[in-house]
Structures are given as structure tokens and as C-alpha cells.
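Chain and residue survey
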Amino acid sequence: MSQSPPLTGLRVLEFAGLAPGPFAGLLLADWGASVLRIDRAVPGAHTSTPPPPTPDLLTRHKASITIDIKSASGISLLLSLIPNVDILIDPFRPGVLEKAGLCPHKVLLKLNPRLIVARMTGFRRDGKFAAMAGHDINYLAVSGVLSQLGRSNSPPYPPANLLGDFGGGGLVCFLGIVMAVLQRHKTGLGQVVEANMVDGAAYLGVMPRFARKTNMWDRPRGENLLDGGCPYYDTYKCKDGGYMAVGALEPQFFAQLLKGLNLKPSDLPGPREDRTTWPTLRSLFTKTFKSKSRAEWEEIFDNTDACCTPVFTQDELEDSKYDQRPIVTLTDSPGKAIAEGDADTRPACQGQGIGVEGNGWESKGLAPGVGGEEVLAKWMGWSRGRHYDVVDGGLVRLGAGSKL
């Protein structure tokens with residue numbers, strides 16, 4: 001591991017927010033960027049007895065400062081940082097930065113033309129929903145993706161907040177930031193990156209959207225090949241209450257599945273491609289899987305091409321010491337490790353460095369103000385009492401005006 005993580009040297013200001021913004025910041029931090037979260041001013045921040053951690057658990061490799069962005073001296077401190085940072089993550093609804101006097105185009109990019117301002121919203125910044133509040137389920141709903149998720153003859157079912165907040169939100173925002181960094185290498189200029197969860201989720205749903213025009217996905221929700229309609233692409237409950245996942249789409253894999261289930265083609269209600277046989281085939285599979293425990297099925301299907309695997313729970317994986325790893329492996333410049341371990345012997349797939357407490361299975365969060373002053377010293381050479389101070393639980397730039 002002779003090379004540093006690829007984003008080493010980038011300086012990131014991340015306004016505290018909900019899942020997608022912090023997730024984008026987490027990805028940046030895991031790949032080497034120095035990420036400084038901006039929390040709201042709160043009593044006890046920047047003291048030896050800090051307040052409790054915020055509910056944000058996506059804080060790995062980050063530090064925090066607190067600023068009251070309604071304070072002129074707080075805004076002055078923030079503006080003093082802008083010329084010395086590379087990326088600012090804005091998780092707010094449209095207009096919040098502008099109201100605080102931090103308009104990206106009129107203020108921030110004029111202070112630092114190389115700055116990348118990543119703006120993460122739920123709905124698009126234009127259109128009928130732009131000014132409305134919402135959550136992951138709402139963004140999926142208007143993207144068209146939610147309408148395709150769920151069992152037949154049941155309401156659409158949201159996949160937790162994975163597709164909106166994380167896949168279509170934070171991950172897409174991170175991608176936009178990386179593209180803007182690449183473009184800056186060519187032009188020397190930053191820009192505004194506008195990400196939203198509606199377009200992000202819709203883009204992730206490009207295959208099922210196109211597939212609506214084919215026999216793969218041309219039926220109602222829950223009646224198609226990959227959405228729970230197909231009996232050989234589904235999950236089945238075992239004798240002990242565990243589950244097995246089946247994905248035997250190709251004929252050769254389906255043959256291996258039947259072999260493991262001790263079924264013959266003559267036991268089937270008809271050709272598997274005939275959708276009229278699917279209800280009966282599902283009943284047969286349901287009955288068969290309930291005849292053994294999950295462990296027994298694991299033993300049968302391990303090291304086969306039946307595309308039949310156990311459905312592990314998070315608790316099981318944690319108890320088994322299953323190692324959590326960075327999102328992708330760069331063999332010559334891995335990201336930072338996300339679990340504890342020896343920095344010098346860790347393989348590239350596990351990242352580099354000593355990692356963080358919790359081994360990737362828990363986060364204790366980050367208390368407002370913790371670690372941030374050390375970052376200000378590294379970035380700016382600042383020290384408390386000379387360049388800034390703490391007023392009402394937030395940092396202020398010395399010499400700035402009073403409250404607005």
C-alpha cells in the first residue's frame with residue numbers, strides 16, 4: 001500500500017443534515033478527504049464536556065465544529081474558510097444557503113472559483129414539488145420507482161431508505177463531486193453539483209423502466225421475473241424460520257437447484273417458462289424448503305451453481321466477525337479502513353490504516369465540536385483566542401459583527 005487514498009488532500013465542509021449528505025461526506029472521508037462537519041451551535045460544544053453525539057451515525061473519519069449561521073460573526077468564520085476548502089456539501093432545502101448569505105454563485109464561487117458546491121435535495125430543484133418537504137418514500141413515489149416495488153395485489157413497498165437516501169441520493173452526490181473534481185483538473189474551476197433523490201433513484205431504475213417494454217417486466221407489480229413474481233427468483237422460509245434466496249434464472253442453474261431440492265423435471269407442473277405454472281411451482285418450492293433447516297440447505301447448496309444462498313441477518317454477520325470493507329477496492333491506493341486492524345498487514349480489499357472503533361458494525365456518532373479545532377489548526381493555522389472564539393456554543397470569527 002504505497003499510495004495514499006485517492007481523495008487525500010481534499011478539504012470538505014459538510015453542513016450537518018440527514019442521511020444522503022452525511023453519506024456523501026462519509027464516502028469522501030473513507031477515500032482520504034479531510035471532512036469537517038458544521039453543526040448547529042449548542043451549549044457545551046468545544047468544551048471539555050461536549051454535548052451528546054447527534055443522531056447522525058455516518059461520522060466515520062470526520063470532525064466537527066459548531067457555527068450559528070444566523071450570526072454575522074459565525075458567517076464571517078465560515079466565509080473565511082471558503083477560500084481554503086475544495087468541497088462544500090449543502091443538504092438543505094432550496095433557498096437556505098441563499099437566505100444565510102451563502103449563495104453558491106454570487107458569494108461562494110466568487111470567494112473561491114475552485115470550490116465545488118454539492119447541493120443535495122430530495123425533490124428536483126424545479127417543478128411542482130420543489131418547495132415541499134418529503135422523505136425517501138416520497139422521492140421514490142414521484143420517481144416512478146416505488147410503483148414497481150412490492151408483491152402482487154399489495155400496495156407498493158418501500159425498500160427502507162436505501163434507494164432514495166443512499167443509492168439515488170448520497171452515492172449519486174458523491175459521484176457528482178468526483179466528476180467535478182476531475183473537471184477541475186482540466187479547467188482549474190469548481191462548479192455547483194445539483195443532486196436530487198428523484199432523478200438519482202429514477203436513474204438507478206433505468207433497467208426495469210426500459211424492461212416495461214419487454215416480457216421481462218411488462219406485467220403488474222410483483223408478477224415479473226425479478227420483482228417476486230417468478231418462483232425461481234424469490235426467497236423461501238425454512239423449517240427453522242430462516243430463509244434461503246433463490247436466483248436460478250438460467251436453465252443450467254435451475255437444473256442444479258432441482259438437484260439440490262431432490263426434485264425431477266417430471267415433478268414440476270410444466271415448463272418453467274410457462275407463467276401459468278408459477279403458482280403451483282411456488283407452492284412446490286415453498287413446501288420443499290420448509291422440510292429442512294436453513295443450515296441443512298446451506299450444506300446442500302454450498303459450492304454449487306444453483307444460485308441458492310442463505311439470507312444472513314446483520315446480527316449473524318456481526319457475530320461471525322464478517323469484515324466490513326470499503327465500497328470498492330483500489331489495489332494500489334485503497335481507501336481508509338472502516339474496521340479496526342493492523343495498518344501494516346491489512347490487505348487492500350480491507351482498506352488502509354488502523355481503522356475505526358466498532359469494526360464497521362456500530363457507530364457512536366460525533367458530538368458537536370469534537371475534533372474540529374484540530375482541523376482548523378491544520379487547514380488554516382488558526383488558534384482559539386487569536387483567530388476565533390466560542391460564543392453561545394458556536395465558533396465566531398474574532399473581529400466580526402454581532403448577531404444579525
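Preceding this paragraph is the structure being described.
Residues numbered from 1 in each chain as written. Predicted model: local features only at pLDDT ≥ 70, side-chain atom pairs only at ≥ 80, totals over all residues. Heavy atoms only, no water.

Examining the nonpolar core
Formed by 31 residues in total, the largest nonpolar core has its most connected members in L28, I87 and I177. Secondary-structure elements contributing two or more residues to this core are α1 (20–30), β4 (87–90), β5 (116–121), α6 (162–187), β6 (192–196) and α7 (197–204). Each residue touching I177, except ones within four places of it in the same chain, is listed here: L28, I87, I89, I116, A118 and V193. Among the nonpolar cores identified, the runner-up in size contains 29 residues, and F15, L77, M380 and Y388 belong to it. (Core = buried A, V, L, I, M, F, W, Y, C linked by side-chain atoms within 4.5 Å. Buried < 20%, exposed > 50% of the residue type's maximum accessible area, 1.4 Å probe, protein only. Helix = DSSP H or I, 4+ residues; strand = E, 2+ residues; numbered from the N terminus. Contact = heavy atoms within 4.5 Å.)

Thoughts on the pairing of strand β7 (residues 233–237)
The alternating pattern of β7 places D234 and Y236 on a buried face, while none of Y233, T235 and K237, on the opposite face, is buried. Across 5 bridges, the pairing between β7 and strand β8 (residues 243–247) is antiparallel. Directly across from Y233, in β8, lies its bridge partner G247. (Pairing = 2+ DSSP bridges.)

Concerning the packing of α1 against α6
In the contact formed by α1 and α6, the axes pass within 8 Å of each other and the chain directions differ by 50 degrees. Here α6 runs oblique to α1, going by the angle between their axes. For α1 against α6, the interelement crossing comes out right-handed. Contacts between α1 and α6 involve P20, F23, A24, L27 and L28 from the former and D165, F166, G169, G170, L171, C173, F174 and I177 from the latter. Of the residues in the contact of α1 with α6, the class split is 10 nonpolar, 2 polar and 1 charged. (Axes fitted to C-alpha atoms, helices over the stretch in contact; angles between N-to-C directions. Parallel < 35°, antiparallel > 145°, perpendicular 65-115°, else oblique. Left-handed = near helix turned anticlockwise from the far one by under 90°. Nonpolar A, V, L, I, M, F, W, Y, C, P; charged D, E, K, R; others polar.)

Thoughts on the sheet that holds strand β9 (residues 308–310)
Strands belonging to one sheet form pairs held by backbone hydrogen bonds; the direction of such a pair is parallel or antiparallel. If you walk across this open sheet you meet the 3 strands as β7-β8-β9, and the pairing is antiparallel. Only two strands of the sheet have a single neighbouring strand rather than two, namely β7 and β9. For this sheet, the mean inter-axis angle between neighbouring strands, taken without regard to orientation, is 25 degrees. The pairing of β8 with β9 spans 3 bridges and is classified as antiparallel. Considered in β9, the bridge of V246 is made with C308. Strand contacts of helix α10 (residues 278–289): β7, β8 and β9, with the helix running at about 40 degrees to β7, the strand carrying the most contacts.

Things to note about the layout of surface pockets
Considering only enclosed or pocket space, the largest pocket measures out at about 1,300 Å³ in volume. Element by element, the count of residues in the lining of the largest pocket is highest for strand β2 (residues 34–40), at 4 residues. Its residues assigned to classes, the lining of the largest pocket shows 23 nonpolar, 7 polar and 11 charged. If you add up the space inside the second largest pocket, you get close to 1,000 Å³. In terms of residue count, α1 provides more of the lining of the second largest pocket than any other element does, 4 residues in total. Of the residues belonging to the lining of the second largest pocket, the class tally is 16 nonpolar, 8 polar and 7 charged. (1 Å grid on protein atoms, 1.4 Å probe; cavity = no way out; pocket = protein on both sides within 12 Å on 5 of 7 lines; lining within 4 Å. Points joined across faces, edges and corners; volume = space filled by probe spheres on them.)

Overview of a negative patch on the surface
Taken together, the side chains of D240, E296, E299 and D302 make up a negatively charged region of the molecular surface. If you trace the backbone, D302 turns up in the loop between α11 (294–301) and β9. A relative accessible area of 45% means that D302 is categorised as partly exposed. (Patch = residues over 30% accessible without salt bridge, like charges linked within 9 Å, V, L, I, M, F, W, Y side chains within 5 Å. Areas by Shrake-Rupley, 256 points an atom, 1.4 Å probe, with all protein chains shown as cover. Salt bridge = Lys/Arg side-chain N within 4 Å of Asp/Glu carboxyl O. Lys, Arg positive; Asp, Glu negative; His and termini not counted. Charge placed at Lys NZ, Arg CZ, Asp CG, Glu CD.)

Some words on the pattern of salt bridges
Applying the stated rule across the entire model yields 19 salt bridges. Put simply, D39 and R37 hold a salt bridge, and the shortest N to O gap is 2.8 Å. For the residue pair D39 and R37, the accessibility class agrees, reading buried in each case. The closest approach of N and O atoms between R119 and D90, which form a salt bridge, is 2.7 Å. Of the two residues, R119 is situated in strand β5 and D90 in strand β4; the sequence distance between them amounts to 29 residues.

Brief notes about the sheet that holds β2
Across the sheet, 6 strands lie side by side as β3-β2-β1-β4-β5-β6; this open sheet has parallel pairing. Looking at strand neighbours, the two that pair on one side only are β3 (62–67) and β6, the edges of this open sheet. Strand-to-strand, the axes of this sheet are offset by a mean angle of 20 degrees, without reference to chain direction. Where β2 and β3 come together, 6 bridges link them in parallel fashion. Bridge pairing in β3 places L36 opposite A63.

Re the packing of aromatic side chains
A full pass over the atoms with the stated rule returns 12 aromatic pairs. One aromatic cluster is present, built from ring pairs that chain together Y232, Y236, F254, W278, F285, F289, W297 and F301. Across the ring face of F210, the terminal group of R209 is positioned such that the distance to the ring centre comes to 5.7 Å. Above the ring of Y232, the side-chain terminus of R272 is found at 4.6 Å from the ring centroid. (Phe/Tyr/Trp six-rings, centres within 6.5 Å; stacked < 30°, edge-to-face > 60°. Lys NZ or Arg CZ within 6 Å of the ring centre and 35° of its normal.)

The analysis is restricted to geometry; functional conclusions fall outside its scope.
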